[in-house]
Amino acid sequence: MKNIVTQEWLESHLSRSELVICDCRYSLSDPGVGRKQYDSGHIPGSIYVDLEKDLSRSVTEHGGRHPLPSKKEMSQVFGRLGIDEKKTVIAYDDQGGSYAARLWWMLKLLGSEKVFVLQEGFSAWERKGYPVTSENTVLQPTVFTPQESKWRTVSMEEVRLASLKDGKEAIVVDSRDPERYKGKHEPIDKKAGHIPGAVNIPWLKNVSEGSKWLDSSELKSVHKDLKEKPEVIVYCGSGVTACANILGMDEAGIENVRLYPGSWSDWISYPENKIEKQ
């Protein structure tokens, strides 16, 4: 797989100087728990990367719950973390890769080629008896220079336009679980439902029950209905788990995939935007 590395590979390459390992563990219900978990034990040499402090900018009226930083802001953050465009970056979490995929996608947006998500996660690493440490890694700041990239975002206005065209030019994909998509259950955002015309492909379809990423042939089956679409726009609640869906689509060979960064939490911040339930 081109975006996933195995735990065996990482364990055998821990000493590589050009490698940066990023611990992205996080919990929406307890934003500070990821850092506490890192302090208690992490993969040797890894640095902690916080979803809200490092991979999001400040929340405003629009932009969603985890607004995407500008490319300049991203470059500054990654440079501070010791990541430049030449480094090999491995991201992991304990949530099926959903938060690690946000970092993966952001680096892809900046043109990084050697960025991967660790298969399974920290708990699996620990179960296998691989080394764990509570010693903090000293950051070595550097300069991150963005490169040309095929990865793109779309604005709310572009999503609104796509939603009016019945999937003829672009298909909009909702990455949340079916109950949230249907508007039957909304535990996080102020309004329930989905963007009109969006189809539902939950991001969890990309991983097995054991939080292991499906192989490329299985992912092609998951995303087979997207293969011939000229453009695929992906969203979730706040632009995080959508990145995991995009990773799965990339493994499946789906081209022209775009992220709606603000996602549902941005969409509903505009009172005039319509909502569908089913």
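**Quick word on the packing of helix H4 (residues 98-109) against helix H9 (residues 241-251)**
At step 1: Interaxial distance between H4 and H9 falls to 7 Å at its minimum, and their mutual angle equals 70°. Put simply, H4 runs roughly perpendicular to H9. Together, Ser98, Ala101, Arg102, Trp104 and Trp105 of H4 and Thr241, Cys243, Ala244, Ile246, Leu247 and Asp250 of H9 make up the contact between the two elements.
At step 2: Tallied by class, the residues present in the contact of H4 with H9 amount to 7 nonpolar, 2 polar and 2 charged.

**Thoughts on the packing of helix H3 (residues 71-80) against H4**
At step 1: As a packed pair, H3 and H4 sit with axes 10 Å apart at the nearest point and diverge in direction by 115°. When the interaxial angle is binned, H3 and H4 end up roughly perpendicular. Considering only the axes of H3 and H4, their crossing is left-handed. Mapping the contact onto sequence places Lys71, Met74 and Phe78 in H3 and Leu103, Met106, Leu107 and Leu109 in H4.
At step 2: Its residues assigned to classes, the contact of H3 with H4 shows 6 nonpolar, no polar and 1 charged.

**A short note on the sheet that holds strand S3 (residues 46-48)**
Hydrogen bonds along the backbone pair up the strands of a sheet, which may run parallel or antiparallel.
At step 1: Ordered by their spatial adjacency, 5 strands build an open sheet running S1-S5-S4-S2-S3, and the pairing between neighbours is parallel. Both outer strands of the open sheet, strand S1 (4-5) and S3, are each paired with one neighbouring strand and no more.
At step 2: In the sheet, strand S2 (residues 19-23) pairs with strand S4 (residues 88-92) via 5 bridges, with the strands oriented parallel. By the bridge assignment for S4, leucine 19 is matched with threonine 88.
At step 3: Contacting S2 and S3, helix H2 (residues 33-40) runs over the sheet at an angle of about 150° to S3.

**Here's the deal with the packing of aromatic side chains**
The description of an aromatic ring pair uses the distance of the two centres, along with the angle that the planes make with each other.
At step 1: Considering all chains together, one arrives at 6 aromatic pairs under this definition.
At step 2: With centroids separated by 6.2 Å and ring planes inclined at 20°, the aromatic side chains of tyrosine 92 and phenylalanine 122 adopt a geometry described as stacked. Of this pair, tyrosine 92 sits in strand S4 while phenylalanine 122 is found in helix H5 (residues 122-127), placing the two residues 30 residues apart along the sequence. Summarising the burial analysis for this pair, tyrosine 92 and phenylalanine 122 share the class buried.
At step 3: In this structure, arginine 25 packs its charged tip against the face of phenylalanine 122, placed 4.1 Å from the ring centre.

**A few points about the nonpolar core**
At step 1: In terms of nonpolar packing, the biggest core is built from 56 residues, with Cys22, Phe78, Ile83, Leu103, Trp105 and Val232 touching the most fellow members.
At step 2: Per-element tally for this core: the top contributor is H4, with 9 residues.
At step 3: Apart from the residues within four sequence positions on either side, valine 232 is in contact with Ile171, Val173, Leu226, Met249, Ile254, Asn256, Val257 and Arg258.
At step 4: With 16 residues, the next largest nonpolar core counts Val154, Met156, Val172 and Trp267 among its residues.

**What about the side chain of glutamate 85?**
At step 1: For glutamate 85, the position within the fold is in the loop between H3 and S4.
At step 2: Among the polar contacts listed, one links the side chain of glutamate 85 to the backbone nitrogen of threonine 145, at a separation of 2.9 Å.
At step 3: Other than its neighbours up to four places away in sequence, glutamate 85 contacts Ser112, Val143, Phe144, Thr145 and Gln147.

**A look at the sheet that holds strand S6 (residues 152-153)**
At step 1: Ordered in space as S6-S10-S9-S7-S8, the 5 strands form an open sheet in which the pairing is parallel. A strand with exactly one partner marks an edge of an open sheet, and here the two such strands are S6 and strand S8 (199-200).
At step 2: Of the strand pairs in this sheet, strand S7 (residues 171-174) and strand S9 (residues 232-235) are connected by 4 bridges, and their pairing is parallel. Paired with valine 172 across the bridge in S9 is isoleucine 233.

Here is what the cut-offs are and how they apply
For every chain, the first residue of the written sequence is number 1, and numbering continues from 1 onward in sequence order. With the structure being a predicted model, the display of local features is reserved for residues of pLDDT at least 70 and the display and counting of side-chain atom pairs for 80 or more, all residues being used for whole-chain, interface and lining totals. For the side-chain quantities, the full set of heavy atoms in the structure was used; hydrogens and water were omitted. For helices, the axis comes from a line fit to the C-alpha atoms of the stretch in contact; other axes are also lines fit to C-alpha atoms, and the angle between any two N-to-C directions lies between 0 and 180 degrees. In DSSP terms, a helix is any run of H or I states spanning at least four residues, a strand is any run of E spanning at least two, and both are numbered starting from the N terminus. Here the angle decides the label: under 35 degrees means roughly parallel, over 145 means roughly antiparallel, 65 to 115 means roughly perpendicular, and every other value means oblique. For this analysis, residues touch if any pair of their heavy atoms sits within 4.5 Å. Only Asp, Glu, Lys and Arg are considered charged in this grouping, and only Ala, Val, Leu, Ile, Met, Phe, Trp, Tyr, Cys and Pro are considered nonpolar; every other residue, Gly among them, is considered polar. If you view the pair so one helix is near and one far, a crossing is left-handed when the near helix is turned anticlockwise from the far one by less than a right angle, and right-handed when it is turned clockwise. At least two DSSP bridges between two strands are required for those strands to pair. Pairs were defined over the aromatic rings of Phe, Tyr and Trp, the Trp ring being its six-membered one, requiring ring centres within 6.5 Å. Orientation was assigned from the angle between planes: stacked under 30 degrees, edge-to-face over 60, tilted for the rest. Exposure is judged per residue with a 1.4 Å probe applied to protein chains only, and the accessible area is read against the type maximum: over 50% gives exposed, under 20% gives buried, and values in between give partly exposed. A ring has a charge above it when a Lys NZ or an Arg CZ is no more than 6 Å from the ring centre and no more than 35 degrees off the ring normal. As used here, the term nonpolar core means buried Ala, Val, Leu, Ile, Met, Phe, Trp, Tyr and Cys residues forming a set that is joined through side-chain atoms within 4.5 Å. Each polar contact in these results corresponds to two N or O atoms within 3.5 Å; when the atoms are within protein, one needs to be able to donate a hydrogen and the other to accept it, and residues that are neighboring in sequence are counted only if both atoms are side-chain atoms.

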